[in-house]
Amino acid sequence: MARKGTKQIRLNPKLTCGEEPGLSPHWRGLFLDYLAESSNVSESARKAGINPSRAYKVRRQEPEFARAWLVALWEGYIHLEMEVVRRLREGDHSTIEADKYDFSNAIRLLNAHRENAIRAQAQQRNVSAAEVRASIDRKVEAIRLQVRQERLRSGTNPGGNT
């Protein structure tokens, strides 16, 4: 059944492969919630009980869902950014499994998703993408410097790139 105010989207059966019968009418909200937590489309689709192809097709065909998707990715970006900052401030350099937290990889992920975050934040704040890009660049550079200083203090990989 289509959501109120939207037309039903017909999907090729291949796009629904692996989905449970009786798809929840609330899958969009579940998917977006998981996406905001993880920034991982495949994992979010799995948790919402859908095939990722369904999510991509609906995003292409429903502008409102596409906007909500972008907002969820921005939220996920902010979560990762805050996690890195928290770990640096608290000196929390280990994962739950007692492995060393990979700050370099976290910063690479932040850089990789920066453009999506910029578009979403600009849309949310109604400011130009250039202003948001400059703000994010400043934040990422501050995190990079903080990681470098922490490495110098701890004596681990002082010459390493972040």
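What counts, and at which threshold
The residue count restarts for each chain, going from 1 along the sequence in the order it is written. The predicted nature of this model means local features are confined to residues of pLDDT at least 70 and side-chain atom pairs, given and counted, to a pLDDT of 80 or more, with totals for whole chains, interfaces and linings taken over all residues. Excluded from the side-chain calculation are hydrogens and water; included are all heavy atoms of the structure. The secondary structure listing takes helices from DSSP runs of H or I that are at least 4 residues long and strands from runs of E that are at least 2 residues long, numbered from the N terminus. Contact criterion: two residues are considered in contact whenever any of their non-hydrogen atoms come within 4.5 Å of each other. For helices, the axis comes from a line fit to the C-alpha atoms of the stretch in contact; other axes are also lines fit to C-alpha atoms, and the angle between any two N-to-C directions lies between 0 and 180 degrees. The cut-offs work like this: below 35 degrees is roughly parallel, past 145 is roughly antiparallel, 65 to 115 is roughly perpendicular, and the gaps in between are oblique. Following the grouping adopted for this structure description, the nonpolar residues are Ala, Val, Leu, Ile, Met, Phe, Trp, Tyr, Cys and Pro, the charged ones are Asp, Glu, Lys and Arg, and the polar ones are all others, Gly among them. As used in this record, nonpolar core signifies buried Ala, Val, Leu, Ile, Met, Phe, Trp, Tyr and Cys residues forming a set joined through side-chain atoms within 4.5 Å. For each residue, the accessible area found with a 1.4 Å probe, counting protein chains only, is set against the maximum for its type, and the residue is called buried under 20%, exposed over 50%, and partly exposed in between.

Caption draft 1: Structural detail: the side chain of Glu-81. Residue placement: Glu-81 occurs in helix H4 (residues 63-90). The contacts of Glu-81, once residues within four sequence positions are left out, are Leu-110, Lys-139 and Ile-143.

Caption draft 2: Broad picture of the packing of helix H5 (residues 103-112) against helix H7 (residues 129-154). Look at H5 against H7: their axes get within 11 Å of each other, and the N-to-C directions meet at 170°. When the interaxial angle is binned, H5 and H7 end up roughly antiparallel. Within the contact between the two elements, H5 uses Phe-103, Ser-104, Ile-107, Leu-110 and Asn-111 and H7 uses Val-140, Ile-143, Arg-144, Val-147 and Arg-151. Of the residues belonging to the contact of H5 with H7, the class tally is six nonpolar, two polar and two charged.

Caption draft 3: Up close: the nonpolar core. Membership of the largest hydrophobic core comes to 17 residues, with the highest contact counts inside it found for Tyr-77, Val-84, Leu-88, Phe-103, Ile-136, Ile-143 and Val-147. Of all the secondary structure elements, the ones that give two or more residues to this core are H4, H5, helix H6 (114-125) and H7. Take this core: its biggest share by element is five residues, from H7. Once residues lying within four places of it in the same chain are set aside, the contact partners of Leu-88 are Phe-103, Ile-143, Gln-146 and Val-147.

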